[in-house]
Amino acid sequence: MTDSHLNRRALLRYGAYGAGAAALAGTAASWDRLTGADIPGRDDGSLVVATLGPAYGPAAIRTLTEGFRRVHPDIKVRINAVQAVDWSDFFAKILTQIAAGTAPDLVYVATEGVQLFARRLGVPLDRWVKRDAAELREYFADVHPALVESMMYEGSLYQLPVEFNAADIYLNNQVLRRAGAGFPAADWTRDDFTALLRDMKQSSGSRFTPYFWTNRLWGGVVPWLFANDTNLLAESKAPGGSWLWDTFYPADRRAGRGGGFRWTTPQADQPRVEEAYDYLASLIQEGLCTRPEGGNGQNLIGVFSTGRVGVTPAGGFWAGGLHLAGMRPGTFDVQFFPRWRTQRMQFGAAGYALLRTSRRQDEAWEFIKYAARRDTLTRLFETNQTTPARRSMLTADRYAESGPAHWRVFYDTLDRFPDTAPIPAPPQVAEVEQVLLKHTGTALSSPRSVRPALRRMQGDLEKAMERDV
Amino acid sequence: MTNTRIPAVRPRPAPPSAPADRPATRDRRTRLLAALFLAPTVVGIVVFTVVPIVGSVVLSLFHWNVIDSPRFAGAANYRELAGDSTVLVSFRNTLVFMVLAVALQLLVALVLALAVNGRMPVWLRSVFRSAFFFPLVLSAASISVVMKYLFNQDFGVVNWLLGLVGVAPVPWLTSENGAMATVILVYVWQQFGFSFLLFVGGLNNVPKEVHEAAALDGATGLRKHLHITLPLLSPTLLVASVVGIINALQVFEQPYVLTDGGPGDSTRTVVMVIYETAFEQLRFGTASAVGVLLFVLIMAVTALQFRLSRRFVHYQ
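Residues numbered from 1 in each chain as written. Chains lettered and ligands numbered in written order. Predicted model: local features only at pLDDT ≥ 70, side-chain atom pairs only at ≥ 80, totals over all residues. Heavy atoms only, no water.

A word on the overall build of chain B. Per the secondary structure count, chain B includes 12 helices and 2 strands. Element order for chain B, N to C, with α for helix and β for strand: α-β-β-α-α-α-α-α-α-α-α-α-α-α. A compact globule built from 316 residues should have a C-alpha radius of gyration of about 20 Å, whereas chain B, at 29 Å, is more than 25% larger. Taking the principal axes of its C-alpha atoms as reference, chain B extends roughly 120 × 70 × 35 Å. (Helix = DSSP H or I, 4+ residues; strand = E, 2+ residues; numbered from the N terminus. Rg over C-alpha atoms; globule rule 2.2 N^0.38 Å.)

Attention now goes to the overall build of chain A. If you tally the helices and strands in chain A, you get 21 helices and 15 strands. Looking at chain A residue by residue over its 469 residues, the buried ones come to 59%. Across chain A, the fraction of contacts at a sequence separation of at least 24, relative to all contacts at a separation of at least 6, is 80%. As displayed, chain A offers around 19000 Å² of accessible surface, 51% of which is attributable to carbon and sulfur atoms. Across chain A, 55 positive and 51 negative side-chain charges occur, with their mean positions spaced 4 Å apart. (Buried < 20%, exposed > 50% of the residue type's maximum accessible area, 1.4 Å probe, protein only. Contact = heavy atoms within 4.5 Å. Areas by Shrake-Rupley, 256 points an atom, 1.4 Å probe, with all protein chains shown as cover. Lys, Arg positive; Asp, Glu negative; His and termini not counted. Charge placed at Lys NZ, Arg CZ, Asp CG, Glu CD.)

Before going further, it helps to examine the environment of Pro-70 of chain B. Here Pro-70 of chain B is to be found in the loop between β1 (62–63) and β2 (71–72). For Pro-70 of chain B and Val-96 of chain B, which are 26 residues apart along the polypeptide, the C-alpha to C-alpha distance reads 35 Å.

With that out of the way, let us pick up helix α2 (residues 58–71) of chain A. Residue and element names in this part refer to chain A. Between its terminal C-alpha atoms α2 stretches 20 Å, which fits the 20 Å expected from 14 residues at 1.5 Å a residue. Looking at α2, one finds that the buried residues are Ala-60, Thr-63, Leu-64, Thr-65, Gly-67 and Phe-68. In this structure, the buried residues of α2 make contact with β2 (77–82), β13 (346–354), α16 (361–371) and α17 (374–380). (Expected span 1.5 Å × (residues − 1).)

We now examine the pattern of salt bridges. Pairing between side chains of opposite charge can happen when their charged atoms approach one another. Taken as a whole, this structure holds 30 salt bridges over all chains when the rule is applied. Of the charged contacts in the structure, one is a salt bridge between Asp-229 of chain A and Arg-272 of chain A, with a shortest N-O distance of 3.5 Å. Of the two residues, Asp-229 of chain A is situated in the loop between α10 (222–227) and β9 (233–237) and Arg-272 of chain A in helix α13 (residues 271–285); the sequence distance between them amounts to 43 residues. According to the relative accessible area criterion, Asp-229 of chain A is partly exposed, its value standing at 39%. The shortest N-O distance in the salt bridge between Arg-283 of chain B and Glu-80 of chain B comes to 2.4 Å. One end of the pair, Arg-283 of chain B, is in the loop between α11 (270–280) and α12 (284–312); the other, Glu-80 of chain B, is in helix α2 (residues 76–82), and 203 residues separate them in sequence. Under the relative-accessibility criterion, Arg-283 of chain B is labelled buried at 12%. Among the ionic contacts, a cluster of salt bridges with common partners joins Arg-131, Asp-132, Glu-135, Glu-366 and Lys-369 of chain A. (Salt bridge = Lys/Arg side-chain N within 4 Å of Asp/Glu carboxyl O.)

Our focus in this paragraph is the interface of chain A and chain B. In this complex, chain A contributes 36 residues to the contact, which on the side of chain B involves 33 residues. The largest per-residue losses of area from chain A upon contact with chain B belong to Arg-207, Gln-434 and Lys-438 of chain A, which jointly make up 20% of the total buried on that side. Summed over the shared surface of chain A and chain B, the number is 4 salt bridges. For Arg-120 of chain A, the salt bridge goes to Asp-68 of chain B, with nearest N and O atoms at 2.1 Å. At the surface where chain A touches chain B, the tally comes to 7 residue pairs in polar contact (both at pLDDT 80 or more). Elements represented by at least two residues in the side of chain A that touches chain B include exactly α1 (8–30), α3 (87–99), α14 (297–305) and α20 (429–443) of chain A. Among the residues making up the side of chain A that touches chain B, the classes are represented as 12 nonpolar, 12 polar and 12 charged. (Buried area = accessible area lost by both parts, 1.4 Å probe. Polar contact = N/O pair within 3.5 Å; in protein donor to acceptor, adjacent residues only side chain to side chain. Nonpolar A, V, L, I, M, F, W, Y, C, P; charged D, E, K, R; others polar.)

This brings us to the sheet that holds strand β7 (residues 168–172) of chain A. Residue and element names in this part refer to chain A. Ordered by their spatial adjacency, 4 strands build an open sheet running β8-β11-β7-β12, and the pairing between neighbours is mixed. Looking at strand neighbours, the two that pair on one side only are β8 (209–211) and β12 (332–335), the edges of this open sheet. The average undirected angle you get between the axes of adjacent strands in this sheet is 25°. (Pairing = 2+ DSSP bridges. Axes fitted to C-alpha atoms, helices over the stretch in contact; angles between N-to-C directions.)

Attention shifts here to the nonpolar core. Counting 154 residues, the largest nonpolar core has Phe-140, Leu-157, Tyr-170, Phe-193, Tyr-211, Tyr-277 and Phe-367 of chain A as its most contacted members. When residues no more than four places from it in sequence are discounted, the contact partners of Leu-157 of chain A are Pro-124, Leu-125, Asp-126, Val-129, Phe-140, Val-148, Met-151, Met-152, Trp-243 and Leu-244 of chain A. Counting 47 residues, the second-largest nonpolar core is a separate cluster that includes Tyr-187, Phe-192, Phe-196 and Ile-298 of chain B. (Core = buried A, V, L, I, M, F, W, Y, C linked by side-chain atoms within 4.5 Å.)

Turning to unusual backbone geometry, a few remarks are in order. Here the bond from Gly-403 of chain A into Pro-404 of chain A is cis, since omega is 5°, no more than 30 degrees from zero. Positionally, Pro-404 of chain A belongs in the loop between α18 (396–400) and α19 (409–416). The omega torsion of the bond from Gly-262 of chain B to Pro-263 of chain B falls at -5°, within 30 degrees of zero and hence cis. Within the secondary structure layout, Pro-263 of chain B lies in the loop between α10 (253–258) and α11. Phi at Val-66 of chain B is positive, roughly 75°, even though this residue is not glycine. For Val-66 of chain B, the position within the fold is in the loop between β1 and β2.

A grouping of Arg-9 and Arg-13 of chain A together with Arg-22, Arg-26 and Arg-29 of chain B is seen on the molecular surface, where their side chains present a positively charged patch. Where the positive patch is concerned, the elements lending two or more residues are α1 of chain A together with α1 (22–59) of chain B. At 3 residues, α1 of chain B tops the list of elements feeding residues into the positive patch. The topology assignment puts Arg-13 of chain A in helix α1. (Patch = residues over 30% accessible without salt bridge, like charges linked within 9 Å, V, L, I, M, F, W, Y side chains within 5 Å.)

Another point: the pairing of strand β3 (residues 106–110) of chain A. Residues and elements named next belong to chain A. Across the 5 residues of β3, 5 count as buried, placing the element largely inside the fold. Bridge count between strand β1 (residues 47–52) and β3: 2 bridges; the pairing is parallel. Across the sheet, Val-49 pairs through a bridge with Leu-106, a residue of β3. When β3 meets β13, the two strands line up antiparallel, connected through 5 bridges. Paired with Val-107 across the two strands is Ala-353, which belongs to β13.

Structural data, given as structure tokens:
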């Protein structure tokens, strides 16, 4: 039997062990080591700006930080370029940072996240906009009111748009020539579009795809819904916003503008929605376009530039992309989305949202203004990787090297069709997008699948919209 | 009466005894040493396994969207799952995927292990071993990106090659059955290397004498494999199938990158639903509830496997 009582010697030995361990722990605790606080910029009083990584290379980051420092030497700024696949991935990472207590002060937010951020995290910019109205007149005069309205939520402004992209149609000129087709007119119709696809198919081999489109919220089935004068969710406008419209826009340009869009009621089972899906299903059946899941933007530039695709919807960002891929001006061009019941189009815009958790809100506002300046945007968007929100930046010089010849289409989408609007992006946008992608795939598997898939989409959208985000 | 004196029994001197507490001290010291060596692993398991599991169970009883404080929800998240068709379909897909992928993976690995274990130059054997294991060390996400290009219906290399021999384009990733089959194919291609290595090791442990004795009794190649190799390989097969099933039930990267769960929900798996629910829809409580159900499913399947293994696994 063992003696459970410790003798004096054992007691002394364990005491020594304990003292030694305590000394070691104390030494380790006091050791000079790296912690989270040592990450450059963290807790050093810097204004932290989170951007979608791939859109901001080192040169762009330098433009923002060094340029801003010259204007405001007293404000330290740090760009946190978050690497993400798409906007929903980006928002997820930002929210994770917020949950971890390392929230940035400003976040670059696209239409997809405007209302989510506005409802849960954002600070309205109204008081600063009113205070600096004189300074901002030049900005608003240069920016289309539709873009500004897309950044409003329930009567307040949450972002100053710095870029946007409308879903226009890019055409491969080589394919057009092969098909013996001319460049389509600005008011071309859905039937003209179908006829052009057939001509392209006939004149090219069996391994050619006339129309390439991707299954997503922006540039997928949604532009066809807009053209057919409908939408995934019934669209209305929040009251308010006159404080901004009356201050910055003349009467003819502010007519019909409100306090931001409301997308509340799903209408996926409405006849016009079904009609749009039926049309796309017929194109697939006829071999005139890719199935929605077949395509994605990653391989699109390659197949378009090599003449294996005839047309595709894309925004101004594609001018830069095609140029970088080696396509010269004259080898591709751009036209408005074809008319159906209307020629109303869709766009997505982006700007900086100020977070409620920020302790540097006045400094953040200075950054928002700086980021929307014409000289800043000119340096940022040198390679035509997007469409600047400022009309004055779209010049012949800008597109002389990269093309396309009809570059005016980019901003004219707003000017000629002023009812052009943002993609439907309520605060529940992530689930709405997921439901859209899922059921669009099923709906277009065969012509008979459309109606049942849209009914299921309607049910899922109703559930999604009932959820409080 | 004899006067024989019985010599007095003198007690033998006691062997020098150890201090009474010495064995106990040694035991204690051994235990202390063992505890010290085990401590990092135990701490790791507690911090990175037990705490997250308990955390998930607790979180599954709350509504939490990251931004606001969690609100107690009781069993509401679980009740919601019962009526969620996407979740139910994802469990069905995951089970179908598990059965097909693991069966195919074990079959491919076993056949190739038997082939490589046959008569073959040593250098060629090494080449095959490396080649079969190589996909396993690559990132599943990057492999899936490449495969997505290869299997693209309109522009993929696979359909281009098939076109050369007159086969019409196959909707690898855009039809419901085709998408699941392609995801399984890509998964098995990447994963079979692990089972393959286990089988190669297991085959090396099969005693040659048993095969020689069977050969003397007139057993042919196939019969030897069925009646000798496979039973003796059954412990390895158990390990490979347990690991394979646990991995397959947690499949995420391949379907996420290749098909994003589509077309429709046809390749949506449970872990994809967890990711989408948590990080896209910000419903962390519901996502945790799905995670708890998956945990229970994995435990149940693994327990069933061990239970059934008593009948089929033969140890020498």
